[in-house]
Every structure is written in C-alpha cells, then in structure tokens.
Amino acid sequence: MSAKKTSDDWLMSEVTAGRIDTVALSFADRLGAWRGKRVPAKDFVEHGSTTLGFCDGMIVCDIQCGVIEETPFSNFSTGYPDLHVTLDPREARPMGWRPREAYVFGVPSDRHGTSLSVAPSAVLQSVLRRLEAVGLVVTTSAELSGAFFDSDAKPNQAFTADEERHLPFLWLNALTASWIPVRYCHPGFDPGSFRLGIDELSPLELAQAIVVAKGAAKELARVEGGDAIFMTRRPGGAEPALLQVTVTLKPFQELSTELLECLLGEARPLLYPSVNAMRMTDVPVVLSTRGEVSILTVSASAEADSATVLATVLAAVGAALDGVQTPGSRIDALSRSAQLLESYWLRDWLGEPFLENSIPLFEHEAALFASAVTDWEIERYWGVA
Amino acid sequence: MSARWLDIAWTDLLGRCHLTRVRNDRADDGVPVSIATAAAGYAALSPTVGSLLLVPDRSTERPNPFSADAGLVVGSLVEDDGTPSAWCARSALVHVLETFNRAGYRIQAAAELEFFLLNPMTQKPLWSDVNQYSITKGGEIENVLGRIRRQLVEAEIPVEAMNPEFSGGQVELNIRHAPAQDAADYTVLSRYFAREIVRSSGLDATFLAKPWTDQAGSGLHVHQSLWVGAKNVMHENRNLSPLACHYMAGQLAHMRELALLGSSNPNAYHRRAGASFAPSAISWGIDNRTVAVRAIIGSEGATRIEQRDASADCNLYLAFAGQFASGLDGIRRLLPLEPPVVGNAHETKVKGRLPLTFVEAMEAFTGSSFAREHLGVTADLFEGVLRPELEEVIGNSSDWERRRYISAI
C-alpha cells in the first residue's frame, strides 16, 4: 500500500527472525470497521494462503454489530452461514504500533470463492474493473479528519505542546511504520481535531489504509484512556469529521461538477451513513485538471466506510461517462434511503444486493432515532411544556 | 535433563481442572487424590470417602511455559490396581475412543471456547459494547489475549486464533483440529491456563454459560470429522458422505438424553432462551448457525460437523465422549438422517427440542440407558454429583421471582 513495497517473503523472513509472532487476518465490514482474528504468524506463513470463515452477519451488521432481520443477505432466517476471507501472507504488512504484529486484508467471498455482492470491497473492485475496461487509470488519495479526546473527555491538546509522545505523532509514526504513505497530519480548527493526509494509492489499498488508520487512532487513544472520534458532527459547532477522497483519472475526462453533485446527492446515505452524518447538507464536489488528468475531490463523512465511499464516487464518474442524463432526487434523510433503489445508475454500478442490504440498516438507524427521546428535548421542554 | 517437578493437569467430575505438582521421578507411582475432591459438587466436597491415584499420561508431556522448574502433563485417575476409575471423566472419553478405533475410525476434533473477561473489582464484563471480530478491540486487550496465545503455543497447544466475540467482554479461543483425545486435552488445558493468565494480568475470566440475561452465552462448539487412514470419510463427492449422515443422526438421536453432559448446571439452560446462537431444536443444517449440528462442507480435508449445544463450562471430556458415542451409535445402527433445517431452526417444526431446564435435562439423563452403556458407572456418579443442584434449583427462590412477583401478587 505503500511507501515501502511488500516483498513476497517479507513476513516469512520476519517470522523466521522472530520479529513477528502474530498476524491479524482481516476484512472490513459494511461500515468500515476492522474485523478479523489474530493468529500465530508461524502457522500462517507455513500454511500459505489461508481461507477463514466468519459469521456472515458481520458484513451487514449495524454500528452495534446487530443484524437486522430485514437485511436479506443475513438474518436468523438464513441461518448466518460463513462468509469466507482468503488471506495471502505475501500481502502482509507490519502493524506499526504493535512491534510483533502484522496484518493482512482479504475480500469477503462465498464458499465457492465468489466475491460477496454485499461486501463494499468487492463492490469497489467491480466498479474499478468497469472503469479499467474503458481504459481509465484510477488512483486515489484522501484526507481523513476527526478528533482525539483525553480520558477526561476533553480534547487532546497534542499539537500545542512539544511532545513526541503525543497522540497525533504516535499515530503518524504508527501508520508510517505500517507502510501507509501518510503525507501529513496537522491540527484542525477545533481543539483536539486533526487532519491526516494519505498519498496516492490504488482505491482498494486506500480503502484498507483508512480502515487501518481509524483503527490505529482508536487503539492508541484508548490505551491512554481516551478515544479517537470520527462521528461526523460533534456538539458545539465543531468542524465536522470528514473523509475527503481525491480521485485522479487518466486520461483526462470531461466531467460536470453539477452532474456529479446531483448524482452523489442521490447516494447521500452511502456517503453519510448515520443520522448524525446526514446533518451535513451537501456533498461537496471539486473538479480540476492537471495536465492530462482529471482530478475530482468529494467530501463524505469520516464515519462512512471508505470502500463504499470510493465505490460510490467512482460509480458516479462511471455513470456520468455513460451519459446518464436524468438524475433522480436527492436524499435528505436517512429514513428515505429506499430511494437509493430508484437510481438506475446506483443499481447498475453498485448492484441491487448491495443497496438492498444497506437500506434496511439506514432505515433501522432512522427508526431508532425517531423513537428516541433526546437530551436536547429534555433540556428544552422538560418543565416548560 | 527432565524437570525436577511435574505439573499434572486433571479434572474432577464437574470438569474443573486442577494442577498437582509432584516430584517428576515419583510421578509415575501415582499421587493420592481424595474422592471428596475428585467428586466435589459446585458448593461442597463429596461425602464419599476413599482415595484414587492420579497418574500422568506421559504421552501428553509438553513444555511448561508457566514454570521453569516443572514439566507439564495431563493425568488420569485410577484405582489402586491401576484400572481406570469411574470417577475419571478423561478415562470415560478414552473408553469411547477405543470403541471408535475398534470400529475402524479415528476422530479429528477441534474446540471453540467462549468466555468473558471481567473487571475483577466489579465482576462485570470488561467492556459493554459489541465488538465481534474487532481487530481494534482485540488490540486493546492484546496484552492479555496475546499472552494467552503465545503461552499456549509454547505449551504446544495448537491455538488457531482468538477474537472478541459478540457480547461485551466476551472473547473466543479457537484450537486447531487434532486427534480427538489430544483435542480434549488441549481444550482442558486451554480453559485452565487462559483463566490463570487472565488473572495474572490483573483481570478475571469466567466460562459460566450465561452470566448475564441480556448478553449472549458462552458455548463450546466441537468440530468433528471421521478418518480412515488419510481419508476424511465424512466427505464424498463434494458432499457429506452417508457415513457422516448416520453419524449426525446418532448425535441427534441421543442429544436430548445427553444434554446434561454439555450443560451441567441450571445456568447453562438460559443459553437456549429466545432466538440466539445456541440451539433450541434438535436439528441439523448445512452451514446454519441456528441448528444443533452444523454441517460444514468444504474440501475433503475441511468437511466436518460442528456440535453447537455444549456450554463453555461443561466437563469437556464427558461432552466429547457423549457426542462421539452418539455418532458411533448412528453409524452402527445406520440411523437415517432427517432433511436439514433451512432457515431459522428456532422457529422450524422439528421432531424434538433440547431440554429447556436443568430439571428436564436431569430427568432425561436419569432415564438414559445409552449413557450407562457408554459411560458406565461414570454416568451414575456424574448424575449423583449434580443431584444437589436439582434440589437447590427447585428449592430456591430467585431475585428474578421477587422482582417480578413480590409486589404484584
């Protein structure tokens, strides 16, 4: 993914030398959470390419790992069979903040090895194949923003002090040591907030790098009793936590900012997948040209799954190049996510199974929120009404 | 040079593992163990007097990562004349496996153990949110889980993987498949040392089947395949073989009467309440997590069944023995297998249901001639150790009853 290329026998040599003893065999779920199992590294390198089974509910679960009965792919009625993830030791990379560990990602498949149509990484691969088939070369980079908080729930003031052990610097070093090509990390506008820039990678590698970056941030912060927060809107008008992806298309393509904004407006729940994230009102799109390439930058929520964001943005590019002319209506609320299925281009590019298994989860979140009495209501109306 | 001491791991009839340290050069003479301890109940020593001999099974000798001065071995309980004791659950499994071997088969098995990590001060789960398979949450507790994996591997126990499980504080330990006797010993040692490592890390652990009403329970899933020579005879033409079907039919036929072996206290039956990943129907299905026996059809080497009923706190030797004996009975009698459950087994009409309470399970086990035939006197002794629980559970008023009824009635 990286600053330092993997070599076929990197893991083998590290294990043989006793420097690595554990590997996290990994996949990303629909919400971009990093899932998997830790296994002894020696077994993994000796066995070679390994296929692991996981309860398939975990690819369509909600933010609390709950599986909604309405998701057709997996629920009690399907019996929760295994999804399979095949992992290749040659793809392993160091887990930079854990000196004796490595990690490797795989794409979820069924037991016959066919990529799962509900897995964001598989959908991203499918979108890429279509773009590559028409001669497009796609590279991507990203800026991820969020905030570190200390154990007392106050913003981490790392950037204001000259301390190398402060969280953002530990994080930066950890990611670099994980061969993630981090370009910068600087403070955001609000206390504790940060912006992390990741240099160009293939879309699938970038998606995985963002999963790792978020996981590392949380783990490093939690070890100190704090947390890394990627919830989009925080109280007090703090700047939102965003995942800004930049797509470089070669050769140059004639694209319309307005059309892309319309298309991505139809896909908003995929880019802003929670009630909180949908408080963002726009899907900002910036188009530019540099020499022979087109550059497109889109802002999504930092909560969103990175593979889903990249797949959706690239699908919009593909749809625009296909000449889609009649954009549907913008989705303004998570409860209206069923509208995703009304978009021909979304069904065509992302596939109906992906949408059909995403929509119940969005609607479930919206229904939970609708039935919740919030702190705000209590504070505002209790005793007055 | 062999170690000066030998740590012998052995289990009592409830399946609790004990470690006896003995002079290595005298270990083979046997160590006296009182029946009161070997047959202790949950709350008291057994009133039975007398003693047994604990002898090491030298074929299980392995490095001891927990002591520089002692070897580590698994032991069995024998009578004075050296014959296996009926108080010894491990010997009951050995007997069942010998029967299996005489029939020409050998079993490969692997266990998945679930347990909870606890805050030792509050005895509550170490975290509250759900983090199944989370690499990030796993990283936060890797100082404990990593230690468990590494030390078990040092003890030559083939740990396959570990991960956070569904409930807050819950984790899972997977052990790689091995010949059935080894698999049972590995699981016993793993359960014992995992808890010891957790405790020495400043936390606590419990394998109790269902510690909290609103959280998932902790199960013991046993993966099993049958082999003749180098061939997995559960696999045929990319499907389950007829032999595998008879084996499963046997397990289903005896599942209700032997449920007590896998769920040996009243708490374990709460796992079956409602729609959960613990089975309630005596059923099987292909790659279905709602059934009692899940068939996993893969390559020849990977095709197997997973028995999902037992609880993590059971006597592992007896649970294994009951499952294997049932399967062999299905093969011998060529028992036919019902069609697989497709969908949610909790809501499917099936021929039988697992006992929903300890009282039901005790009744079924008491009337089981199959248990006596295959476990011998051990079955009666096991039932006897559990009988006080029956009296306790029937006689006790619970906090739940008081909360629900005291002011309403």
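A. Quick look at the overall build of chain B. The number of helices and strands found in chain B is 12 helices and 17 strands. Taking 2.2 N^0.38 as the reference for a compact globule, 409 residues should give roughly 22 Å; the C-alpha atoms of chain B span a radius of gyration of 21 Å, in line with that estimate. Oriented by its inertia axes, the alpha-carbon framework of chain B measures out at about 60 × 60 × 45 Å. Taken across its 409 residues, chain B has 61% of its residues classed as buried. A fraction of 70% describes how many contacts in chain B between residues 6 or more apart in sequence connect residues 24 or more apart. Of the roughly 16,200 Å² of accessible surface on chain B, a fraction of 53% belongs to carbon and sulfur atoms. Chain B carries 39 positive and 47 negative side-chain charges, and their two centres are separated by 4 Å.

B. The overall build of chain A, seen in detail. Along chain A, the regular secondary structure elements total 11 helices and 14 strands. Relative to the compact-globule value of 21 Å for 385 residues, chain A shows a C-alpha radius of gyration of 21 Å, a close match. Out of the 385 residues in chain A, the part that is buried amounts to 57%. In chain A, once contacts between residues fewer than 6 apart in sequence are set aside, the share between residues at least 24 apart is 71%. As displayed, chain A has an accessible area near 16,100 Å², and 52% of this comes from carbon and sulfur atoms. Counting 32 positive and 50 negative side-chain charges, chain A places the centres of these two groups 3 Å from one another.

C. Spatial organisation of the packing of aromatic side chains. All names here are of chain A. Following the criterion strictly, the structure yields 26 aromatic pairs over all chains and no others. Seen in terms of ring centroids, Phe76 and Tyr80 are 5.1 Å apart; in terms of plane orientation they differ by 80°. Their pairing is edge-to-face. Like Phe76, the residue Tyr80 is buried in the burial classification. Its guanidinium or amino end placed over the ring of Trp349, Arg130 lies 3.8 Å from that ring's centre, counting from NZ or CZ. Residue placement shows Lys214 over the ring face of Phe230; its charged tip is 5.8 Å from the ring centre.

D. Spatial organisation of the confidence of the model for chain B. On average, residues of chain B score 95 in pLDDT, and 100% of them reach the 70 mark or higher. Here the predicted complex carries an ipTM of 0.89, next to a pTM of 0.92.

E. Representation of the sheet that holds strand β7 (residues 108–109) of chain A in the model. All names here are of chain A. Taken in spatial order, the three strands line up as β3-β4-β7 in an open sheet, and their pairing is antiparallel. Where the open sheet ends on each side, the last strands, each with one partner, are β3 (50–55) and β7. Pairing between β3 and strand β4 (residues 82–87): six bridges, direction antiparallel. For Leu52, the partnering residue across the bridge sits in β4 and is Val85.

F. Spotlight on the interface of chain A and chain B. Counting residues at the interface gives 32 residues for chain A, matched by 36 residues for chain B. Ranking the residues of chain A by area buried against chain B places A:Lys37, A:Arg38 and A:Phe76 at the top, with a combined share of 24%. Our count for the contact surface shared by chain A and chain B stands at seven salt bridges. Remark: the boundary between chain A and chain B carries 20 residue pairs in polar contact (both at pLDDT 80 or more).

G. How the structure looks around the packing of helix α5 (residues 203–223) of chain A against helix α8 (residues 306–322) of chain A. All names here are of chain A. Running from N to C, α5 and α8 point in directions that differ by 145°, and their axes come no closer than 8 Å. In the crossing of α5 with α8, the sense of the turn from one axis to the other is right-handed. Listed contacts from α8 to Pro203, Leu206, Ala207, Ile210 and Val211 of α5 are Ser306, Ala307, Leu310 and Leu314.

H. Representation of the pattern of salt bridges within the structure. This model, assessed by the stated rule, comprises 48 salt bridges over all chains. Salt bridges linked by common partners bring A:Arg38, A:Arg98, A:Glu101, A:Glu219, B:Glu142 and B:Arg149 together as one network.

I. Structural context of the sheet that holds strand β2 (residues 17–23) of chain B. Residues and elements named next belong to chain B. With mixed pairing, the five strands of this open sheet are ordered in space as β2-β1-β5-β4-β3. Two strands close off the open sheet at either side, each with one partner strand: β2 and β3 (31–34). Pairwise comparison of adjacent strand axes, ignoring direction, gives a mean angle of 40° for this sheet. The pairing of strand β1 (residues 5–11) with strand β5 (residues 70–78) spans five bridges and is classified as parallel. Directly across from Ile8, in β5, lies its bridge partner Val73. Against the sheet, helix α2 (residues 89–102) touches β4 (51–62) and β5, its axis set at about 75° to β5. Where helix α5 (residues 180–200) meets the sheet, its contacts fall on β1, β2, β4 and β5, and the angle it forms with β2 comes to roughly 95°.

J. Structural context of the side chain of B:Thr136. Here B:Thr136 is to be found in helix α3 (residues 135–140). In contact with B:Thr136, not counting residues within four places along its chain, are A:Trp34, A:Gly215, A:Lys218, A:Glu219 and A:Arg222.

K. Inspection of the domain arrangement of chain B at higher detail. All names here are of chain B. Each assigned domain of chain B is listed here: domain 1 (5–87) and domain 2 (95–390). The straight-line distance from the C-alpha centre of domain 1 to that of domain 2 is 24 Å. Of the residues lining the interface, 21 residues belong to domain 1; the matching set on domain 2 comes to 27 residues. Across the domain 1/domain 2 interface, buried area totals approximately 2,100 Å², and carbon plus sulfur atoms make up 68% of it. Looking at the side of domain 1 facing domain 2, the largest losses of area belong to Leu13, Tyr42 and Phe66, adding up to 28% of the total buried there. Along the contact surface separating domain 1 from domain 2 lie zero salt bridges. Put simply, the parts of the chain that give the side of domain 1 that touches domain 2 at least two residues each are β1, β2, β4 and β5. Tallied by class, residues from the side of domain 1 that touches domain 2 come to 15 nonpolar, four polar and two charged.

L. The pairing of β4(B), seen in detail. Residues and elements named next belong to chain B. Judged from the four bridges that link them, β3 and β4 form a sheet pairing that is antiparallel. Bridge assignment links Pro32 to a residue of β4, and that residue is Leu53. In terms of strand pairing, β4 meets β5 through six bridges, oriented antiparallel. Residue pairing across strands places Leu53 opposite Val78, the latter belonging to β5.

M. Examining the side chain of B:Ser134 more closely. Here B:Ser134 lies in the loop between β6 (106–118) and α3. A polar contact of 3.3 Å, which involves the side chain of B:Ser134, links it to the backbone nitrogen of B:Thr136. Contacts of B:Ser134, omitting those with residues within four sequence positions, involve A:Trp34, A:Arg35 and B:Pro164.

N. Fine view of a nonpolar patch on the surface. Residue and element names in this part refer to chain A. Residues Val373, Ile378 and Trp382 make up a contiguous nonpolar surface patch of roughly 370 Å² in combined accessible area. Locating Ile378 in the fold gives a position in helix α11 (residues 375–381). Residue Ile378 is classed as partly exposed on the basis of its relative accessible area, which comes to 37%.

O. Just the environment of B:Asp12, in detail. Residue and element names in this part refer to chain B. Relative to the assigned elements, Asp12 resides in the loop between β1 and β2. By relative accessible area, which is 0% here, Asp12 ends up buried. Here the alpha-carbon distance between Asp12 and Trp284, two residues 272 residues apart in the chain, equals 32 Å. If near-sequence neighbours (up to four positions away) are discounted, Asp12 is found in contact with His18, Thr37, Ala38 and Asn315. A distance of 2.8 Å separates polar atoms of two side chains, one belonging to Asp12 and the other to Arg16.

P. Broad picture of the pairing of strand β12 (residues 242–250) of chain A. Residue and element names in this part refer to chain A. Among the nine residues that make up β12, seven are buried, leaving the element largely enclosed by the rest of the structure. Sheet topology places strand β8 (residues 137–149) next to β12; eight bridges connect them, and they run antiparallel. Across the sheet, the residue bridging to Val137 is Lys250, located in β12. Across eight bridges, β12 lies against strand β14 (residues 293–301) in antiparallel orientation. Within the sheet, the bridge partner assigned to Leu243 lies in β14 and is Ala300.

Conventions used here
- Residues numbered from 1 in each chain as written.
- Chains lettered and ligands numbered in written order.
- Predicted model: local features only at pLDDT ≥ 70, side-chain atom pairs only at ≥ 80, totals over all residues.
- Heavy atoms only, no water.
- Helix = DSSP H or I, 4+ residues; strand = E, 2+ residues; numbered from the N terminus.
- Rg over C-alpha atoms; globule rule 2.2 N^0.38 Å.
- Buried < 20%, exposed > 50% of the residue type's maximum accessible area, 1.4 Å probe, protein only.
- Contact = heavy atoms within 4.5 Å.
- Areas by Shrake-Rupley, 256 points an atom, 1.4 Å probe, with all protein chains shown as cover.
- Lys, Arg positive; Asp, Glu negative; His and termini not counted.
- Charge placed at Lys NZ, Arg CZ, Asp CG, Glu CD.
- Phe/Tyr/Trp six-rings, centres within 6.5 Å; stacked < 30°, edge-to-face > 60°.
- Lys NZ or Arg CZ within 6 Å of the ring centre and 35° of its normal.
- pLDDT = per-residue confidence, 0-100.
- Pairing = 2+ DSSP bridges.
- Buried area = accessible area lost by both parts, 1.4 Å probe.
- Salt bridge = Lys/Arg side-chain N within 4 Å of Asp/Glu carboxyl O.
- Polar contact = N/O pair within 3.5 Å; in protein donor to acceptor, adjacent residues only side chain to side chain.
- Axes fitted to C-alpha atoms, helices over the stretch in contact; angles between N-to-C directions.
- Left-handed = near helix turned anticlockwise from the far one by under 90°.
- Domains from an automatic or database assignment.
- Nonpolar A, V, L, I, M, F, W, Y, C, P; charged D, E, K, R; others polar.
- Patch = residues over 30% accessible without salt bridge, like charges linked within 9 Å, V, L, I, M, F, W, Y side chains within 5 Å.

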